[in-house]
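# Summary of structural features
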There are 4 protein chains.
Amino acid sequence: MTQRIRIGIVGGTGYTGVELLRLLSRHPNAQVVAVTSRSDAGTPVSAMFPSLRGIYDTLQFTHPDETPLQDCDLVFFATPNGIAMTQAPALLEKGVRVIDLSADYRIRDIAVWEQWYKLTHGSPKTVAQAVYGLPELNREAIRKAQLIANPGCYPTCVTLPLLPLLQSGSLKPNMPIIADCKSGVSGAGRKASVANLLTEAGDNFKAYGVGGHRHLPEIQQNINDIASGYASGLIFVPHLTPMIRGMHATIYVHTQNEVSLHEILAKHYSGSLFVDVLPEGVCPETRSVRASNQCRISVQKAPQQENMWIILSVIDNLVKGAAGQAVQNMNLMFGFEEDTGLAITPVLP
Amino acid sequence: MTQRIRIGIVGGTGYTGVELLRLLSRHPNAQVVAVTSRSDAGTPVSAMFPSLRGIYDTLQFTHPDETPLQDCDLVFFATPNGIAMTQAPALLEKGVRVIDLSADYRIRDIAVWEQWYKLTHGSPKTVAQAVYGLPELNREAIRKAQLIANPGCYPTCVTLPLLPLLQSGSLKPNMPIIADCKSGVSGAGRKASVANLLTEAGDNFKAYGVGGHRHLPEIQQNINDIASGYASGLIFVPHLTPMIRGMHATIYVHTQNEVSLHEILAKHYSGSLFVDVLPEGVCPETRSVRASNQCRISVQKAPQQENMWIILSVIDNLVKGAAGQAVQNMNLMFGFEEDTGLAITPVLP
Amino acid sequence: MTQRIRIGIVGGTGYTGVELLRLLSRHPNAQVVAVTSRSDAGTPVSAMFPSLRGIYDTLQFTHPDETPLQDCDLVFFATPNGIAMTQAPALLEKGVRVIDLSADYRIRDIAVWEQWYKLTHGSPKTVAQAVYGLPELNREAIRKAQLIANPGCYPTCVTLPLLPLLQSGSLKPNMPIIADCKSGVSGAGRKASVANLLTEAGDNFKAYGVGGHRHLPEIQQNINDIASGYASGLIFVPHLTPMIRGMHATIYVHTQNEVSLHEILAKHYSGSLFVDVLPEGVCPETRSVRASNQCRISVQKAPQQENMWIILSVIDNLVKGAAGQAVQNMNLMFGFEEDTGLAITPVLP
Amino acid sequence: MTQRIRIGIVGGTGYTGVELLRLLSRHPNAQVVAVTSRSDAGTPVSAMFPSLRGIYDTLQFTHPDETPLQDCDLVFFATPNGIAMTQAPALLEKGVRVIDLSADYRIRDIAVWEQWYKLTHGSPKTVAQAVYGLPELNREAIRKAQLIANPGCYPTCVTLPLLPLLQSGSLKPNMPIIADCKSGVSGAGRKASVANLLTEAGDNFKAYGVGGHRHLPEIQQNINDIASGYASGLIFVPHLTPMIRGMHATIYVHTQNEVSLHEILAKHYSGSLFVDVLPEGVCPETRSVRASNQCRISVQKAPQQENMWIILSVIDNLVKGAAGQAVQNMNLMFGFEEDTGLAITPVLP
């Protein structure tokens, strides 16, 4: 029988937590040995999430102070922002590997992070140690990392299509890159709120955070890491769409000259495990990736415009946008096949 | 008792038809005397739409060939494209006024129309006679019109906010105007289709018609009618969002210089019956106009960008985007108060 | 100009509150002069509910302690249970009329009420003074009432079809009456909760309160008020269905003998303003009453069974199930036409 | 490498077809070698269902007349009713095993079948050969079967909880068994229709088929196969609920005496792979089984009633109600572990 790595999850009662539990339940090389929750310690995991009955029958939430996470091989933080930054360093010191699904280690410029997240960073020196866990961008660094900053959902959905276009020098510098993004409601997390009630968010569509969303500096950092001269042109507008899972980015870019962005994307991602470039003219639907770790991308020339293109990119915000990407990073860190436990056929309809 | 004008509706079995019936049912100066349907002649209106039971109990669909529409004061065409263009001219000759909710008379350039609609126009000479029924743009002409081309939903949602910005010369010519638009599924009409099943369109988000949507030339014509030098920069991408009613446009524009688009919009629409400019920083929700004839608009400077602004505009696609605007046009044509029958409080939640 | 009665609303930030505001905004004989909210005092009503912009532009929430509700002709309590019972008596003493949309005055047996609502009743002597505001049951008493206990949504949806069947002696006593009921999520109110997030309640169906729901004793009291020997057979199971508005009751009854329940229902409700009995074989849809005060009822013999019938009943839980019925009661109390302000064509689609 | 059985699917363009493709894509012992479609021959499977891109890249729909299905080990019919009955016999003669997901072989009494399905049966003699594929009822017969009649979704959801109650003699004979059932819209299949548009079925709830649904005789046959004296009391009312997947049955039964149905159910299904009996007082949610082959059951005494109980049962109508159960049957027929390819963690949220 395969040796399984020992996994701890800090903050397992949210959507990224339960999604990690779903994905890891079918992973042959991993075993969840601890899930913490400050508020629900003592509750069996399958009592809170009946979908997990018969799968995690003995696992229950434990209080973070009483959970020996240092005995794990890997700890996922599926916590609100501001938790991992205080708890991860102690684990790292003991040699535990950490994948942080919150935003604590995503932004290298501490001042920028503190401005956007309205917090004083609790472990600024640790930030430099973190590898930004977008495998398509940083695969080799991830393999060797001890601490992964797992990307945000919007940054994943926007960066994946931009990556080959920026690397190839196809885009015109100092021009607007407009990312008009739409997210399902699960992106807002599993916490009591009026705004995300079915009665408020259902049969409704709206923009939010137009004046500035925290994923803006993260996308800008990604763009800058790939090529300079582009990040300042980014305009990012998120919208809430009445569905549970799924994220769609519509990105408007200016090209240098008459180049086929489709060819560049198709070539770059040919053979990619999790990024799929659609035939020209086919628009991706969010449901085509539901419950899976895929990103599907389409690109078209803007009709009647010179040198402007429209990029469409979809992910499941909870999988490639969160827990699935975290498992992909885990696979790389521990030398498993990159798609172990992630060979999931999307659920359609 | 008030004298009521006699109304005929051609093609009353679709969503714009039933929405006209809903709105006219509470209009003190109008009476629906005929509703035609080729396929459902003989069926009582309230048998097809039980929501109308007790309201239109004697009205039934009649065959178009056996309905004396020439006796009406006003005929609405709530038909697929290509019907009004063959039937309206005879009515117009008899002095009947016509409001066409289809696209047949919207585009003045016949060649452009035929290219986008893949039809030979059936009454090209009548096109010049039609007034484009966007009251905020053409109020005086509408009052005197015999034939109204009722605008499309996307053109209404996009043109209303652009109107004062173009008129005031605030936008920079020859720059992209990007209209990223999202529509509820009722925009696709009430016809059997796989793509719009709840099981296909539900919990799903996608773009469509990226390579060219028929509302593109209509929006371009509107822009050109207001100011020259802007229409060619239009990029229009429609998306389908899993809700029944509602439309949201997110529009990205370049300004000439440091001007407040909010001030221009707020001033222009101050006192407007149906266009409401929100306070700065407030994003409109589609449900805030549900079942009503309102358009709500918000505008914000793009963060960290010079001279770029983001405009948000919402309408109910079946009301201000179709039947409500048609009734508004009717009110103007017949000298009723412009909001007669349209003083509807939006249904929220 | 018509004299308008002066209306106060206590607790206007929930769904019954905003629905009262919607309905009263088009009522020619009523004017809302005060809306209280402990938590949102100082906020303009149209800032919390942008759907009301342009309609209630000067009205703002005021603190209950600083609002002279005694100057109103009528006060609606749109509050959680337990508020009206402490505040209504003082208003009643000053001669103000009161319609309580909460459950405080619905159950005449104080012990039963206290058992189900887990509260000590704050004004038990006032309970006897309250008239249960189901106009189809108590129209004459309502006209003369000073205090109305506005019925719950489930009791309205279940009692309306049972009323003529019980009155006519058609049902077999001491047999089960099974009310399998389904409600949209707005029935749970506008308060932060995990269970009613779009992500939890969306694309999901479940029963709740199977072991005992507070509307059970209310329905039993109604049944008993109409005929004795039936209430003890009631089985009531509510379910949550992923929609915003709407309620559907499926009721299984035993008849005495071969009688047509359809005839009894159709005859009883012939001429009714708000109860519509459908032709045999037509099933009502909740959307056929959306945003309106209608109840639509259908009845069919159970196939292959002797003397068992299936009744289907739909209402909009926020209108006939709450705010609309409250306005109907107001109309009766003040001598207005019973459907004043309630002649609303349902919104479909 | 494992030897894989060769699978053919007749009629692969519907929801049971694409669900079979999803489930079989992760089955280690099966390989889909042919999928037929009369209307879409020549189309790659992944062009119609982009969710299958990267998974079935070489498979395309082929015309049934040109597909050598006789070379398969097993053929699934995922067709409308009336197809399998004409095509299955020839395959059976060649020794191919067949699982029919349509209703053609479910009812042993041909006259009853013809009455409900309004068709003349095309292979009445083959019916006797078919094993009704509810493994929890007929496991041993299924192992040896050549032809499986895969159960309907409603019959599965209703029969599973009734099975141990009937077997144990706990229910009172000749009393009503009321099955009030609610289905997501995918139960209606993937075919163009007005009634199942998002705009018609969304935010709406209704009963249908009250006068008689085809699954009624199937449930009656199941009941009769388990115990006599009960089938005639069945009342079955299906409802449509605005969700994509999921089915919920609420069943009202009379017991012989004071017996705990919970104990009987829990004991019977202890150790069951796919039937999970919840703790008392916990109501099952349809999403707790989404995309999985589980059935979850809960049971409660009706409050204040003697000897009446309420049973709640949920399945995913496309999995345990169709394709998943078909794969379970396949596993039994070919001697694989019963849950091979079906160890799926439900997708929540």
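Note that the structure is a prediction, hence the values are computed from the model and not measured.

### Quick word on the side chain of T241(A)
Assignment of secondary structure puts T241(A) in the loop between β10 (234-240) and β11 (247-254). With residues up to four places along the chain from it excluded, the contact list for T241(A) reads K182(A), S183(A), G184(A), V185(A), F205(A), F205(B), T241(B) and P242(B).

### Remarks on the interface of chain D and chain A
Contacts between the two partners involve 30 residues from chain D and, on the opposite side, 30 residues from chain A. Regarding the contact of chain D and chain A, the summed buried area is about 2,500 Å², with carbon and sulfur atoms giving 60% of it. Inspection of the chain D/chain A interface yields 2 salt bridges. With a closest N to O distance of 2.7 Å, R53(A) and D276(D) form a salt bridge. In this assembly, chain D and chain A are joined by 16 residue pairs in polar contact (both at pLDDT 80 or more). Of all the elements in the fold, those that place two or more residues in the side of chain D that touches chain A are α1 (15-24) and β12 (275-277) of chain D. Its residues assigned to classes, the side of chain D that touches chain A shows 18 nonpolar, 4 polar and 8 charged.

### With respect to the packing of aromatic side chains
Tallying each qualifying case throughout the model produces 14 aromatic pairs over all chains. On the numbers, 6.1 Å between centres and 15° between planes, the contact of F334(C) with F336(C) is stacked. Given a relative accessible area of 18%, F334(C) falls into the buried group. Look at F336(C) and you get buried, because its relative accessible area is 17%. The ring of F334(B) has R97(B) sitting right over it, with the charged end atom 4.0 Å from the ring centre.

### Describing the interface of chain A and chain B
On the side of chain B, 49 residues touch chain A, which itself brings 49 residues to the contact. When the two sides are added together, the surface that chain A and chain B hide from each other amounts to roughly 3,900 Å², 55% of it contributed by carbon and sulfur. Area buried by chain A at its contact with chain B is led by D203(A), F205(A) and V210(A), which between them contribute 16% of it. Where chain A packs against chain B, one counts 6 salt bridges. Our count for the chain A to chain B interface comes out at 29 residue pairs in polar contact (both at pLDDT 80 or more). Every element with two or more residues in the side of chain A that touches chain B is listed here: β8 (177-183), α8 (198-201), β9 (206-207), α9 (215-226), β10, β11 and β14 (308-315) of chain A.

### Brief notes about the relation of the copies chain D and chain A
Of the two same-sequence chains, chain D is brought onto chain A (RMSD 0.0 Å, axial shift 0.0 Å) by a rotation of 180°. Classification of the inter-copy transformation places it as that of a two-fold axis. Looking at chain D, 100% of its interface residues are interface residues in chain A too, so the copies touch through the same face.

### Section: the sheet that holds strand β8 (residues 177-183) of chain B
Residue and element names in this part refer to chain B. The 7 strands lie next to each other as β9-β10-β8-β11-β14-β13-β12, forming an open sheet whose pairing is mixed. Strand pairing shows two members of the sheet lacking a second neighbour, β9 (206-207) and β12 (275-277), which therefore form its edges. Relative to strand β11 (residues 247-254), β8 is paired through 6 bridges, and the arrangement is antiparallel. The residue of β11 that forms the bridge with A179 is I251.

### Observations regarding the confidence of the model for chain A
In the predicted model, chain A carries a mean pLDDT of 96, and the fraction of residues at 70 or more is 99%. Predicted as a complex, the structure gets a pTM of 0.97 and an ipTM equal to 0.97.

### A few points about the domain arrangement of chain A
The accessible area lost on association of the parts is a frequent measure of interface size. Residues and elements named next belong to chain A. By domain assignment, chain A separates into domain 1 (5-129) and domain 2 (154-317). Taking the mean C-alpha position of each, domain 1 and domain 2 sit 27 Å from one another. Counting from both sides, the interface comprises 16 residues of domain 1 and, opposite them, 14 residues of domain 2. Each partner contributes to the roughly 1,300 Å² buried at the junction of domain 1 and domain 2, and carbon and sulfur atoms together form 50% of this total. The largest per-residue losses of area from domain 1 upon contact with domain 2 belong to Y15, R106 and W116, which jointly make up 44% of the total buried on that side. At the boundary of domain 1 and domain 2, one finds 3 salt bridges. A salt bridge links E218 to R106; its shortest N-O distance comes to 3.3 Å. Counting across the interface, domain 1 meets domain 2 through 8 residue pairs in polar contact (both at pLDDT 80 or more). Among the secondary structure elements, those contributing two or more residues to the side of domain 1 that touches domain 2 are α1 (15-24) and α4 (110-117).

### Details of the relation of the copies chain A and chain B
Take chain A, turn it by 180°, move it 0.0 Å along the axis, and it overlays chain B with an RMSD of 0.0 Å. Interface residue correspondence from chain A to chain B reaches 100%, placing this contact among same-surface, isologous pairings.

### Points about the pairing of strand β5 (residues 97-100) of chain A
Residue and element names in this part refer to chain A. In terms of strand pairing, strand β4 (residues 74-77) meets β5 through 4 bridges, oriented parallel. Across the sheet, V75 pairs through a bridge with V98, a residue of β5. Of the pairings in the sheet, the one linking β5 to strand β7 (residues 147-149) comprises 3 bridges and is parallel in character. Note on β7: the bridge partner recorded for I99 is I148.

### What about the pattern of salt bridges?
Inspection of every chain in the model, using the stated rule, returns 65 salt bridges over all chains. Note that R287(B) and E285(B) form a salt bridge whose closest N and O atoms lie 3.3 Å from each other. Classification of R287(B) by relative accessible area gives buried; the value is 6%. For D316(C), the salt bridge is made with R245(C), and the minimal N-O distance between the two is 3.0 Å. You can see D316(C) sitting in the loop between β14 (308-315) and α11 (319-333) and its partner R245(C) sitting in the loop between β10 (234-240) and β11 (247-254), a full 71 residues away along the chain. Classification of D316(C) as buried rests on a relative accessible area of 1%. On the basis of relative accessible area, R245(C) is assigned to the buried category, the value being 3%. Ionic contacts of the salt-bridge type, sharing partners, join the residues E19(A), R22(A), R245(A) and D316(A) into one network.

### Points about the pairing of strand β2 (residues 30-36) of chain B
Residue and element names in this part refer to chain B. Counted residue by residue, β2 has 5 buried out of 7 residues, so it is predominantly covered. After leaving strand β1 (residues 5-10), the chain enters helix α1 (residues 15-24) and then returns to the sheet as β2, a path that is right-handed. In this structure, β2 lies alongside strand β3 (residues 61-62), joined through 2 bridges in parallel fashion. Within the sheet, the bridge partner assigned to V35 lies in β3 and is F61.

### Re α1(B)
An α-helix turns once every 3.6 residues. As a result, residues three or four positions apart point the same way. Among the 10 residues that make up α1(B), 9 are buried, leaving the element largely enclosed by the rest of the structure. Within the sequence span of α1(B), burial applies to Y15(B), G17(B), V18(B), E19(B), L20(B), L21(B), R22(B), L23(B) and L24(B). Considering only its buried residues, α1(B) is in contact with β1, β2, α2 (45-48), β4 (74-77) and α11 (319-333) of chain B together with α8 (198-201) of chain D.

### Some remarks on the environment of F205(A)
All names here are of chain A. One can find F205 in the loop between α8 and β9. Judged by relative accessible area, which is 0%, F205 ranks as buried. Separated by 35 residues in sequence, F205 and L240 have C-alpha atoms that sit 5.9 Å apart.

Rules and cut-offs
- Residues numbered from 1 in each chain as written.
- Chains lettered and ligands numbered in written order.
- Predicted model: local features only at pLDDT ≥ 70, side-chain atom pairs only at ≥ 80, totals over all residues.
- Heavy atoms only, no water.
- Helix = DSSP H or I, 4+ residues; strand = E, 2+ residues; numbered from the N terminus.
- Contact = heavy atoms within 4.5 Å.
- Buried area = accessible area lost by both parts, 1.4 Å probe.
- Salt bridge = Lys/Arg side-chain N within 4 Å of Asp/Glu carboxyl O.
- Polar contact = N/O pair within 3.5 Å; in protein donor to acceptor, adjacent residues only side chain to side chain.
- Nonpolar A, V, L, I, M, F, W, Y, C, P; charged D, E, K, R; others polar.
- Phe/Tyr/Trp six-rings, centres within 6.5 Å; stacked < 30°, edge-to-face > 60°.
- Buried < 20%, exposed > 50% of the residue type's maximum accessible area, 1.4 Å probe, protein only.
- Lys NZ or Arg CZ within 6 Å of the ring centre and 35° of its normal.
- Least-squares fit on C-alpha atoms with pLDDT ≥ 70 in both.
- Pairing = 2+ DSSP bridges.
- pLDDT = per-residue confidence, 0-100.
- Domains from an automatic or database assignment.
- Right-handed = clockwise from strand over helix to strand, strands pointing away.

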